[in-house]
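Structural overview for review
Single-letter residue listing:
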Amino acid sequence: MARYCGSVCRLCRRENQKLFLKGDRCYTEKCAFERRGYPPGQHGQGRIKFSEYGLQLREKQKIKRIYGLQETQFRNTFENAENMKGVTGSNFISLLERRLDNVAYRSGFANSRNEARQLVRHGHLTINGKRVNIPSFLVKKGDVVEVTKTSQEVARIRGALEAVKRREVPQWLELDAAQCTSRIRDLPSREDVTAPMEERLVVELYSK
Ligand code: SF4
């Protein structure tokens, strides 16, 4: 599958916001956005006035980059949200949050969603005792995500669990750091996601 291989800090600068894509480094003074908090490129420091379409596009790109998805996957998730009962925007965010790579990141098994995706791909996680290596797998209420016994001593995973104290584990997850397990207490609702996102703009953009 295609994936973005360029500088991820550039993405934060483009979206004019810290997207926390690099794990530990994002919390230090080495963060590129802290040092150069303006869009990249020759005209980055000039005044930028967005049209309505521009605002919608930037918001869509920002959310897509936060979750590390490519356009097709992002769009498919949106279409699934549209086919669900309820508010499309909230369903959309809930579906993004329920992805296994996101759950691994939120639980603190990895420092970034990129790292979490690699954990899943390399078979370090199980759901209800069964190994799952699909990052887009959607968790359900009551599922238990666990780091496999052999992977529990991996220094990177242990280090990430230490670092999770810096960010909060959301209420809908019940983390047992000693056992390296995370239980899905409830499905995530829109209110559980505190990162600034205006999914309304994505709905408007895709409804054109
Ligand atoms: Fe974004 Fe993290 Fe890079 Fe800072 S260090 S610009 S938050 S990815």
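Going by the structure above, here's the rest.
What comes next is a walk through the structure. (Residues numbered from 1 in each chain as written. Predicted model: local features only at pLDDT ≥ 70, side-chain atom pairs only at ≥ 80, totals over all residues. Heavy atoms only, no water.)

Section: the site of the ligand
Surrounding the ligand, one finds Cys9, Cys12, Lys18, Phe20, Leu21, Lys22, Cys26, Cys31, Ala32 and Phe33. Breaking the shell around the ligand down by element, the ones donating at least two residues are helix 1 (8-15) and helix 2 (32-35). Residues that form the shell around the ligand fall into these classes: eight nonpolar, no polar and two charged. (Near = heavy atom within 4 Å. Helix = DSSP H or I, 4+ residues; strand = E, 2+ residues; numbered from the N terminus. Nonpolar A, V, L, I, M, F, W, Y, C, P; charged D, E, K, R; others polar.)

Comments concerning the environment of glycine 108
Counting through the fold element by element, glycine 108 comes out in the loop between helix 6 (100-107) and helix 7 (113-121). Taking the relative accessible area as the measure of exposure, glycine 108 reaches 0% and is therefore buried. Between the C-alpha atom of glycine 108 and that of arginine 158, which follows or precedes it by 50 residues, the distance is 9.2 Å. Setting aside residues up to four positions removed in sequence, glycine 108 forms contacts with Ile157, Ala160, Leu161, Val164 and Arg167. (Buried < 20%, exposed > 50% of the residue type's maximum accessible area, 1.4 Å probe, protein only. Contact = heavy atoms within 4.5 Å.)

Side note on the layout of surface pockets
Reported here for the largest pocket is a volume of approximately 780 Å³. Lining the largest pocket are 29 residues, and of these Arg3, Tyr4, Gly68, Asn114 and Arg117 lie nearest its centre. Broken down by secondary-structure element, the contributors of at least two residues to the lining of the largest pocket are helix 1, helix 3 (52-67) and helix 7. With five residues, helix 7 is the largest single contributor of residues to the lining of the largest pocket. A volume near 530 Å³ is recorded for the second largest pocket. (1 Å grid on protein atoms, 1.4 Å probe; cavity = no way out; pocket = protein on both sides within 12 Å on 5 of 7 lines; lining within 4 Å. Points joined across faces, edges and corners; volume = space filled by probe spheres on them.)

What about the packing of helix 3 against helix 9 (residues 199-206)?
Closest axis-to-axis distance for the helix 3/helix 9 pair is 8 Å, and the angle between their directions is 115°. In terms of orientation, helix 3 and helix 9 fall into the roughly perpendicular class. For the pair helix 3 and helix 9, the sense of crossing is left-handed. In this structure, helix 3 contributes Tyr53, Leu55, Gln56, Leu57, Glu59, Lys60 and Ile63 to the contact, and helix 9 contributes Glu199, Leu201, Val202, Glu204, Leu205 and Tyr206. Taken together, the residues of the contact of helix 3 with helix 9 break down into eight nonpolar, one polar and four charged. (Axes fitted to C-alpha atoms, helices over the stretch in contact; angles between N-to-C directions. Parallel < 35°, antiparallel > 145°, perpendicular 65-115°, else oblique. Left-handed = near helix turned anticlockwise from the far one by under 90°.)

Comments concerning the pairing of strand 4 (residues 173-176)
Across four bridges, the pairing between strand 4 and strand 5 (residues 181-184) is antiparallel. Paired with glutamate 174 across the strands is arginine 183, a residue of strand 5. With antiparallel pairing between neighbouring strands as the criterion, strand 4 and strand 5 make up a hairpin whose turn holds four residues, including cysteine 180 at a positive phi of roughly 55°. (Pairing = 2+ DSSP bridges.)

Section: the side chain of glutamate 97
Along the chain, the position of glutamate 97 falls in helix 5 (residues 88-97). Taking relative accessible area as the criterion, glutamate 97 reaches 1% and is therefore assigned buried.

Side note on unusual backbone geometry
In the Ramachandran plot, phenylalanine 20 falls in the positive-phi region, its phi being about 55° despite a non-glycine side chain. Note on placement: phenylalanine 20 falls in the loop between helix 1 and helix 2. Even without glycine at this site, asparagine 128 takes up a positive phi of about 50°. Locating asparagine 128 in the fold gives a position in the loop between strand 1 (125-127) and strand 2 (130-131). Residue classification places asparagine 128 among the partly exposed positions, given a relative accessible area of 48%.

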